[in-house]
Amino acid sequence: MTPRIELRHVSKTFVGSGRMVPALDDVSLKVMPGEFVTVIGASGSGKSTLFNLCVGLLDPDQGSILIDGEEPKSRLGKLGYMPQHDLLLPWRNVLDNVILPRDVQGVARSESRAEALEMFERFGLAGFERDYPSALSGGMRQRAALLRTWLTGCDTLLLDEPFGALDALTRKELQDWLLSVWQEFGRTVVFITHDVDEAVYLADRVIVLGSRPGRVVRELAVELPRPRRQGMVADPVFGSCVRELLGDLGVDT
Amino acid sequence: MKWRRDVAPPLVLVAVLVLGWFFVARWSGLGSFVLPSPGGVLRAAWETRGLLLEAIGTTMLATVIGLALALAAGVGLAAVVDFWPLARRALYPLLVVSQTIQILAIAPILVIWFGFGLAPTVSIVVLFCFFPLTISTADGLASSDPESIALLRAMGARRTQVWRMVRVPSALPSFFTGLRMAVTYSVVAATIGEWVGGSPGLGLYLLRSKNSLATDQVFAAMFVTSLLSVALFLLVRGIERVVLPWYHSSQRQEQWEGQGIY
Ligand SMILES: Nc1ncnc2c1ncn2[C@@H]1O[C@H](COP(=O)(O)OP(=O)(O)OP(=O)(O)O)[C@@H](O)[C@H]1O
Ligand SMILES: [Mg+2]
């Protein structure tokens, strides 16, 4: 099988105000179709930079990035990208926000709206179609941003700390919901988090980025059965995964 | 509800002020030459209604043409300045200087250049109004969120799409603030142009009334000018509410007011 995304020896250094900030150093990784991969690392380890490289907002200094086995001229528009902040446009209501990628693709409004409305129930947004983002709770905003990413129609979704700013309860609820959507539709997900429990709970495979510069220090397969249940956090497999990851991240266990 | 909250307070205040004016004019012994009474002003307006209406028409024509030109110039300049950082650095100081031009000096010169009639008045309106429009539009364009732009680029948006979907909408609130300021100045700017250039319109009406010591007519022209300015302001405000429902939905703001946070 060709990987959805493949990075080969990718390095990226930022040059700004006379300083060089090495963000990523010789990163190689693969994401296979249908996989749920989580990327974990300390703040500043280059996780967001990794995504910006994948979606084509940045170009690597060295190395190459392959999408579905090819190295396209431009990667822009080839992956579904959900940035760290929800970035809902305040002048569009929820419905028009989530169809933004469809607008960009030139799909007629009536068509994309109908398509989006079918998903509102599934994304827990029913009843909020006409609200402006300013009236939404944090959890709702994340759901809307996820639906917007979904409607890019791209098979591979890159989610940058989608639940980072949410309370523990909402976060667990959304984790289970995301897993169920993922299983139902079988898309490929790469999910950034800095929460070890979340990384293990969601993933088929966890990629650990070390800090300054960011390198892949470990890839850990999570051998927990699917569908996942919140009760599995008591499972010894879960515990040992978490312990290993904490060790990789330099936390005493 | 809305009416009682937003419209009634200023109306009541105006009524109180007019009443106060009425009593001062009546019993202060100042005489109608110094302070005409409200009734006197109304009467003067009515008696010269033919002249006044014609003057309003002429002034508003100059105002609207001037505003349209200022709008084109302001938005155009803002776009240029936004596209081209060098133009921003070169033009900004000049824009500011353009606002310090002595209007009393430039107006007669404009008359010399353009002759009597609409042209000099229109130029003064443009001079007054393009500045707030340029600055507010340029600031609005500069305020668009780079992260949102990056998001659109990641979706594969072309530059024109980024403009249409992010840059222009995020510039609109600021643009409308500038437009509201511009229309508020515009009528007064036109009358100043007419006054100094001696071209027909409310400015000339004002000048003639002053010269013939008809204080009540001066007051009448003053109120008419204000009313026209306010009317334009309200018109823009109305358009703004239709164009920017998200900006004015302000559900949260009203909640806050209710909670006494303001
Ligand atoms: N545009 C930029 N210019 C200069 N330096 C940058 C830029 N973007 C990121 N960096 C630097 O690169 C490093 C990695 O940043 P990045 O945002 O990828 O971290 P992150 O792992 O996503 O962190 P967080 O968990 O806090 O979101 C940081 O040291 C950051 O300061
Ligand atoms: Mg980040």
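Residues numbered from 1 in each chain as written. Chains lettered and ligands numbered in written order. Predicted model: local features only at pLDDT ≥ 70, side-chain atom pairs only at ≥ 80, totals over all residues. Heavy atoms only, no water.

Some thoughts on the coordination of the magnesium ion (ligand 2)
Surrounding the magnesium ion (ligand 2) are the protein donor atoms A:S48 (OG) and A:Q84 (OE1), which sit 1.9 to 2.4 Å from the metal. Note that A:S48 is positioned in helix α1 (residues 47–55) and A:Q84 in the loop between β5 (80–82) and α2 (94–98), a separation of 36 residues in sequence. (Donors = N, O, S within 2.8 Å, 3.2 Å for Na, K, Ca; no water. Helix = DSSP H or I, 4+ residues; strand = E, 2+ residues; numbered from the N terminus.)

Brief notes about the pattern of salt bridges
Here the idea is simple: oppositely charged side chains can pair when their charged atoms come close. Residue and element names in this part refer to chain A. For the structure on display, the rule yields 21 salt bridges over all chains. One salt bridge in this structure joins R141 and D86, with 2.9 Å as the shortest N-O distance. Taken together, the residues span a long stretch of sequence, with R141 in helix α5 (residues 138–150) and D86 in the loop between β5 and α2 at a distance of 55 residues. Taking relative accessible area as the criterion, D86 reaches 12% and is therefore assigned buried. Linking E244 and R218 is a salt bridge whose minimum nitrogen-to-oxygen distance equals 2.7 Å. (Salt bridge = Lys/Arg side-chain N within 4 Å of Asp/Glu carboxyl O. Buried < 20%, exposed > 50% of the residue type's maximum accessible area, 1.4 Å probe, protein only.)

Remarks on the domain arrangement of chain A
All names here are of chain A. In terms of domains, chain A is made up of domain 1 (1–79 + 156–253) and domain 2 (88–153). Between domain 1 and domain 2, the C-alpha centre-to-centre distance is 25 Å. Across the contact, 15 residues belong to domain 1 and 12 residues belong to domain 2. Across the domain 1/domain 2 interface, buried area totals approximately 1300 Å², and carbon plus sulfur atoms make up 68% of it. Counting across the domain 1 and domain 2 interface gives two salt bridges. (Domains from an automatic or database assignment. Contact = heavy atoms within 4.5 Å. Buried area = accessible area lost by both parts, 1.4 Å probe.)

Digging into the site of ligand 1
Residues and elements named next belong to chain A. The environment of ligand 1 is made up of 14 residues, and the closest members are S43, G44, K47, S48 and T49. Between T49 and ligand 1, the recorded distance is 2.6 Å, taken from a side-chain N or O atom to an oxygen atom. In terms of residue count, α1 provides more of the shell around ligand 1 than any other element does, three residues in total. Its residues placed into classes, the shell around ligand 1 shows four nonpolar, seven polar and three charged. (Near = heavy atom within 4 Å. Polar contact = N/O pair within 3.5 Å; in protein donor to acceptor, adjacent residues only side chain to side chain. Nonpolar A, V, L, I, M, F, W, Y, C, P; charged D, E, K, R; others polar.)

Remarks on the side chain of B:S148
Assignment of secondary structure puts B:S148 in helix α8 (residues 146–154). Look past the residues within four positions of B:S148 in its chain and what remains in contact with it is A:L87, A:L89 and B:V166.

Topic: the layout of surface pockets
The gaps left among the atoms become clear once a water-sized probe is rolled over them. Residue and element names in this part refer to chain B. Roughly 560 Å³ of internal volume is contained in the largest pocket. Together, 19 residues line the largest pocket, and V14, V18, W21, F223 and L227 are the ones closest to its centre. Where the lining of the largest pocket is concerned, the elements lending two or more residues are α1 (2–27), α3 (38–47) and α11 (215–243). Here the residues of the lining of the largest pocket sort into 17 nonpolar, one polar and one charged. (1 Å grid on protein atoms, 1.4 Å probe; cavity = no way out; pocket = protein on both sides within 12 Å on 5 of 7 lines; lining within 4 Å. Points joined across faces, edges and corners; volume = space filled by probe spheres on them.)

Focus on the packing of aromatic side chains
In this description, an aromatic ring pair is defined by two values, namely the gap between the centres and the angle between the planes. The tally for this structure, following the rule as stated, stands at 15 aromatic pairs over all chains. Between A:F36 and A:F191, the ring centres sit 6.0 Å apart and the planes meet at 40°, which makes this aromatic pair tilted. With A:F36 in strand β3 (residues 36–41) and A:F191 in strand β7 (residues 188–193), this pair connects stretches of sequence that are 155 residues apart. The same class applies to A:F36 and to A:F191, which are both buried. Ring geometry for B:W246 and B:Y247: centres 5.3 Å apart, planes at 70°, overall edge-to-face. Overall, the relative accessible area of 15% leaves B:W246 in the buried class. Overall, B:Y247 belongs to the partly exposed group, its relative accessible area being 42%. (Phe/Tyr/Trp six-rings, centres within 6.5 Å; stacked < 30°, edge-to-face > 60°.)

Some details on the packing of helix α6 (residues 103–114) of chain B against helix α7 (residues 118–142) of chain B
All names here are of chain B. The N-to-C vectors of α6 and α7 enclose an angle of 140°; their axes lie 8 Å apart at closest approach. In terms of orientation, α6 and α7 fall into the oblique class. Where α6 crosses over α7, the handedness of that crossing is right-handed. Where α6 abuts α7, its residues I103, I106, A107, L110, V111 and F114 lie against A119, P120, S123, I124, L127 and F128. Across the contact of α6 with α7, the residue classes break down as 11 nonpolar, one polar and no charged. (Axes fitted to C-alpha atoms, helices over the stretch in contact; angles between N-to-C directions. Parallel < 35°, antiparallel > 145°, perpendicular 65-115°, else oblique. Left-handed = near helix turned anticlockwise from the far one by under 90°.)

Regarding the interface of chain A and chain B
Residue-level contacts link 22 residues of chain A with 21 residues of chain B. Together chain A and chain B conceal approximately 1900 Å² of surface at their shared face, both sides included; 71% is due to carbon and sulfur atoms. On the chain A side of the interface with chain B, the three residues burying the most area are A:L87, A:W91 and A:V104, jointly 34% of the side's total. The tally of links from chain A across to chain B stands at zero salt bridges. Considering every element that reaches the side of chain A that touches chain B, the biggest residue donor is helix α3 (residues 100–104) of chain A, with four residues. The residue inventory of the side of chain A that touches chain B, partitioned by class, reads 16 nonpolar, three polar and three charged.

Points about the environment of A:W91
If you trace the backbone, A:W91 turns up in the loop between β5 and α2. A:W91 sits 44 residues away from A:K47 along the chain, and the two C-alpha atoms are 30 Å apart. Other than its neighbours up to four places away in sequence, A:W91 contacts A:Y132, B:M165, B:V166, B:P169, B:S170 and B:W246. Of the polar contacts made by the side chain of A:W91, one reaches the backbone oxygen of B:M165; its length is 3.5 Å.

Overview of the sheet that holds strand β2 (residues 19–31) of chain A
Residues and elements named next belong to chain A. In spatial order, the strands read β2-β1-β4; together these three strands make up an open sheet with antiparallel pairing. Only two strands of the sheet have a single partner each, and these edge strands are β2 and β4 (62–67). Taken over all neighbouring pairs, the strand axes of this sheet differ in orientation by 25° on average, direction set aside. Two elements, strand β1 (residues 5–16) and β2, share nine bridges in a ladder whose sense is antiparallel. What sits directly across from T13, in β2, is P22. Contacting β1, β2 and β4, α1 runs over the sheet at an angle of about 115° to β1. (Pairing = 2+ DSSP bridges.)

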